Amino acid sequence: MIAKEWRDARWRFLVAAVPVVLVVFFLVTPYEDVVRMVEGIPGEDPVDIALRDISDLYYFGGLFVLLPLAALLGVTSISGEVGNDAIFLLLSRPASRTRLLLTKYAISAGVLLVAAVLGKVLVLAVAAARGYPIGQMQSTEAVLSVLVLWLGVLFVLGTALLVSVLFRSITASIVACALTLFLVFALPVVVAAFYPAGYASELALRLELYTYWMPAYYYYPDDFYSIGGFALTNFLVCLTAAVVPLLAALWLFNRKAY
Amino acid sequence: MADTRAEEAVSVPESAAIQVRDLVVNYGHKRAVDGLSMTVPRGSVYGFLGPNGAGKTSTIKTLMGFRKPNGGSAKVLGYDIVNESLEVRARVGFASEVNSLYEGMTVPRICRLCRDLSRSWDQDLVDRYIGVFSLPADGKIRKLSKGQKAQLQLCLALGSNPELLILDEPTSGLDPVAQRAFLKVLVGDVAAEGRTVFFSTHLLSDIEAVADTVGIIKGGKLLVSGDLDGMRESHRVFRVVYAETPPDDEVRSLQTLPDVQEVEREGRGIKLRVRGDVETVERGLRERPYRVLDVDSTGMGLEDIFVAYVEDGHDR
């Protein structure tokens, strides 16, 4: 089962890996350029700016690669099995539905973790090759950024898995998953855009909507970078958001008739 | 190698392989199985016969735990299908009417997948049946014919060394040669090993070829169930030849006899379809108020029995 799930996932992983490598090579600007840009800005340390740039690149790159990969891994998990009738082969064996779903989830989560780690390693390696003072980056900072981003992406994986259980057709699952993720990730932006004008604090409120109500906001442990503390809020929000759709998918899968 | 757990699996002290009581299965507002009750004896080859949409697949899916019943209960090898579904599936081999194999896998790879998901696995047995069916041992599944895929599904169902095989329309869509090969193995090898085989079909030829017990289902209800020979004996066509053409009163009188299902004129005679106590009916036919020259009876073929029940639809 694990071997089969890994074989299913590895191609998606490889498809996602190619653009990542290309993007990282193109987007990491040489360290000398960063230093030149920072020169003349009083109070700015080029090392801090450069390391922050690297973290930002990892965060945004991670979002644009890991989110679709997580959605892709999750959305075909069950509806794919139903679509080719292989679900009957799996369900006719003495393996509980909980075990089947958790195995699929664990493999996908593992693939995403590997992708998150490799992405971080790749970004750091390319940055080091371009002269960034990577040695000054705290290792806990690097680990935490990977962990929180990965936990955050698990929300997408769980949501896609839930949709995959809900719908029998792969097409319906993909459409529903895309719609759900659009609503979740874009709704705060849409709400902010339609926020009534005329308030003095409009900009602040919009910013608040853009940030605190945006799931992806929590995937970036800003607390750690700004004050150096453990990003507990980010961690808890991401953990909760990861667990809830998984539990819902398990509940539904155990009751679903095939 | 065979796992000893497989031997433990067959030692459940129950006389029936499958016992179903008042089973109800709904699809939304549509009732697919409507108070079905039946018993499948251990060691039998039970043909579950019914027209398309009769509720055969819904019954099997419920027995396998793919869906929960909306009413009633059922036990498979003594285990409750709802609360002990894992125990049921550990002891039952199942092959679906549809191709549920992973097309991209090879035969050894899908064997490994099924082994991983089973409590016990007898690869020697699987290999033996792969040999019996002359399946390519290392072939890609997508390159197999439809008949070979059905045969492979049977091999995989047998891999866990089950006491009971549940097959949903196993020969559906197979050409006559593949169908014959499949059934030959089913009855010649699988049933001969003492396993119970419960298979659904709408093909009378399948039942005639392998089943020793049959149940006919229509509209989600079991119309009749019993051993095939006994069923043939209790379903007979009588031809009564009179010395003179009998009046309409006689025809009406015959229609009122118990167990007479259908009466029709045939020249100077009358043809009757009877199901039930045929001996009593025969005695009654020989004691008519009109002079009877001959009373002849022949066993009904399964097709006649099936058609009689399905067209009639009377519960039995």
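The following refers to the structure shown. Note that the structure is predicted; figures quoted are calculated from it, not measured.

Residue and element names in this part refer to chain B. Strand order in the open sheet formed by 4 strands is β2-β1-β4-β5, with antiparallel pairing between adjacent strands. Both edges of this open sheet fall to β2 (30-41) and β5 (79-80), since each of them pairs with a single strand only. Here strand β4 (residues 71-76) pairs with β5 via 2 bridges, running antiparallel. Across the sheet, Val76 pairs through a bridge with Tyr79, a residue of β5. The sheet contacts of helix α2 (residues 56-63) involve β1 (16-27), β2 and β4, and relative to β1 the element is tilted by about 115°.

Counting residues at the interface gives 28 residues for chain B and 23 residues for chain A. Carbon and sulfur atoms supply 58% of the area buried between chain B and chain A, which totals about 2,200 Å² over both sides. Put simply, chain B and chain A have 0 salt bridges between them. At the surface where chain B touches chain A, the tally comes to 10 residue pairs in polar contact (both at pLDDT 80 or more). Within the residue set of the side of chain B that touches chain A, elements represented by two or more residues are α3 (85-91), α4 (107-117) and α6 (146-158) of chain B. When residues in the side of chain B that touches chain A are grouped by element, the largest group, 6 residues, is from α4(B). Taken together, the residues that form the side of chain B that touches chain A break down as 15 nonpolar, 6 polar and 7 charged.

Our focus in this paragraph is the packing of aromatic side chains. Considering all chains together, one arrives at 9 aromatic pairs over all chains under this definition. Put simply, the rings of A:Phe88, B:Phe66 and B:Phe94 pair up and form one aromatic cluster. Of note, A:Arg97 hangs over the ring of A:Phe253, and the distance from its end group to the ring centre comes to 5.7 Å. The ring of B:Tyr129 has B:Arg128 lying over it, and the distance from NZ or CZ to the ring centre is 4.8 Å.

Right, let's talk about empty space enclosed by the protein for a bit. In total, this model carries 3 cavities of 30 Å³ or more according to the counting rule given. If you add up the space inside the largest cavity, you get close to 60 Å³. A:Phe88, A:Leu89, A:Ser92, A:Arg93, B:Phe94, B:Ala95, B:Ser96, B:Ser100, B:Gln153, B:Leu156 and B:Ala157 together form the lining of the largest cavity. Counting residues per element, the lining of the largest cavity draws most heavily on α6(B), at 3 residues. Counted by class, the lining of the largest cavity contains 6 nonpolar, 4 polar and 1 charged residues.

What follows is about the packing of helix α6 (residues 97-129) of chain A against helix α11 (residues 232-253) of chain A. All names here are of chain A. Running from N to C, α6 and α11 cross one another at 145°; their axes reach a closest spacing of 9 Å. The interaxial crossing formed by α6 with α11 has right-handed handedness. For the pair α6 and α11, the contacting residues are Arg97, Thr98, Leu100, Leu101, Leu102 and Tyr105 in the first and Ala242, Leu246, Ala249, Leu250 and Phe253 in the second. Among the residues forming the contact of α6 with α11, the class breakdown is 9 nonpolar, 1 polar and 1 charged.

A few words now on the nonpolar core. A:Leu112, A:Tyr219, A:Tyr258, B:Ile18, B:Leu152 and B:Phe198 are the most contacted members of the largest nonpolar core, which has 171 residues in total. Per element, the largest residue contribution to this core is 16 residues, and it comes from helix α7 (residues 139-166) of chain A. Residue contacts for A:Tyr258: discarding those within four places in its chain leaves A:Ile78, A:Val82, A:Ile87, A:Phe88, A:Leu91, A:Arg97, A:Val165, A:Arg168, A:Phe253, B:Lys61, B:Phe66 and B:Arg67. With 14 residues, the next largest nonpolar core counts B:Val251, B:Val263, B:Ile270 and B:Val295 among its residues.

Turning our attention to the layout of surface pockets. In this structure, the largest pocket occupies an estimated 450 Å³ of space. Lining the largest pocket are 21 residues, with A:Lys4, A:Asp8, A:Arg12, A:Asn84 and B:Tyr102 sitting closest to its centre. The set of elements that each furnish at least two residues to the lining of the largest pocket consists of α1 (2-27), α4 (79-83) and α6 of chain A. The element best represented in the lining of the largest pocket is α1(A), accounting for 6 residues. When its residues are assigned to classes, the lining of the largest pocket shows 6 nonpolar, 6 polar and 9 charged. For the lining of the second largest pocket, the secondary structure elements donating two or more residues are α1, α3 (46-75) and α6 of chain A.

Attention now moves to a nonpolar patch on the surface. Residues and elements named next belong to chain A. A cluster of nonpolar side chains, namely Val18, Val21, Leu22, Val23, Phe25, Phe26 and Leu27, defines an oily patch on the protein surface of about 680 Å² accessible area. Mapped onto the elements, Phe25 comes out in helix α1. Accessibility expressed as a relative area gives 42% for Phe25, which makes it partly exposed.

Let us look at the pairing of strand β10 (residues 221-227) of chain B. Residue and element names in this part refer to chain B. Both strand β9 (residues 213-218) and β10 contribute to a ladder of 6 bridges, which runs antiparallel. Looking at β10, one finds that Ile216 is bridged to Val224. The hairpin turn running from β9 into β10, its antiparallel successor, is 2 residues long, and Gly219 in that turn takes a positive phi close to 60°.

Attention now moves to the sheet that holds β10(B). Residue and element names in this part refer to chain B. A sheet is described by the order of its strands in space; here 6 strands give the open sequence β6-β7-β8-β3-β9-β10, paired in mixed fashion. Each of the sheet's edge strands pairs with one partner strand only, and the pair in question is β6 (92-95) and β10. Taking the axes of each pair of neighbouring strands and ignoring which way they run, one obtains an average angle of 15° across the sheet. Across 4 bridges, β6 lies against strand β7 (residues 164-168) in parallel orientation. In the strand pairing of β7, Phe94 is matched with Ile166. In this fold helix α7 (residues 176-190) packs onto β7 and β8 (196-201), with an angle of close to 165° to the strand it touches most, β7.

Now for the pattern of salt bridges. Oppositely charged side chains may form a pair once their charged atoms are brought near each other. Residues and elements named next belong to chain B. According to the stated counting rule, one finds 23 salt bridges over all chains in the structure shown. Glu103 is the partner of Lys149 in a salt bridge, and the nearest nitrogen-oxygen pair spans 3.2 Å. Of this pair, Lys149 sits in helix α6 while Glu103 sits in the loop between β6 and α4, and the two are 46 residues apart along the sequence. Under the relative-accessibility criterion, Lys149 is labelled buried at 13%. A relative accessible area of 28% means that Glu103 is categorised as partly exposed. For Glu282, the salt bridge identified is with Arg286, shortest N-O distance 3.2 Å. Taken together, the residues Glu282 and Arg286, both in helix α11 (residues 278-286) and 4 residues apart, mark about one turn of the helix. Judged by its relative accessible area of 49%, Arg286 is partly exposed. Taken together, the salt bridges that share partners define one network made up of Arg128, Asp189, Glu193 and Arg195.

Parameters at a glance
Residues numbered from 1 in each chain as written. Chains lettered and ligands numbered in written order. Predicted model: local features only at pLDDT ≥ 70, side-chain atom pairs only at ≥ 80, totals over all residues. Heavy atoms only, no water. Pairing = 2+ DSSP bridges. Helix = DSSP H or I, 4+ residues; strand = E, 2+ residues; numbered from the N terminus. Contact = heavy atoms within 4.5 Å. Axes fitted to C-alpha atoms, helices over the stretch in contact; angles between N-to-C directions. Buried area = accessible area lost by both parts, 1.4 Å probe. Salt bridge = Lys/Arg side-chain N within 4 Å of Asp/Glu carboxyl O. Polar contact = N/O pair within 3.5 Å; in protein donor to acceptor, adjacent residues only side chain to side chain. Nonpolar A, V, L, I, M, F, W, Y, C, P; charged D, E, K, R; others polar. Phe/Tyr/Trp six-rings, centres within 6.5 Å; stacked < 30°, edge-to-face > 60°. Lys NZ or Arg CZ within 6 Å of the ring centre and 35° of its normal. 1 Å grid on protein atoms, 1.4 Å probe; cavity = no way out; pocket = protein on both sides within 12 Å on 5 of 7 lines; lining within 4 Å. Points joined across faces, edges and corners; volume = space filled by probe spheres on them. Left-handed = near helix turned anticlockwise from the far one by under 90°. Core = buried A, V, L, I, M, F, W, Y, C linked by side-chain atoms within 4.5 Å. Buried < 20%, exposed > 50% of the residue type's maximum accessible area, 1.4 Å probe, protein only. Patch = residues over 30% accessible without salt bridge, like charges linked within 9 Å, V, L, I, M, F, W, Y side chains within 5 Å. Areas by Shrake-Rupley, 256 points an atom, 1.4 Å probe, with all protein chains shown as cover.

Limitation: the analysis is restricted to geometry and does not speak to function.
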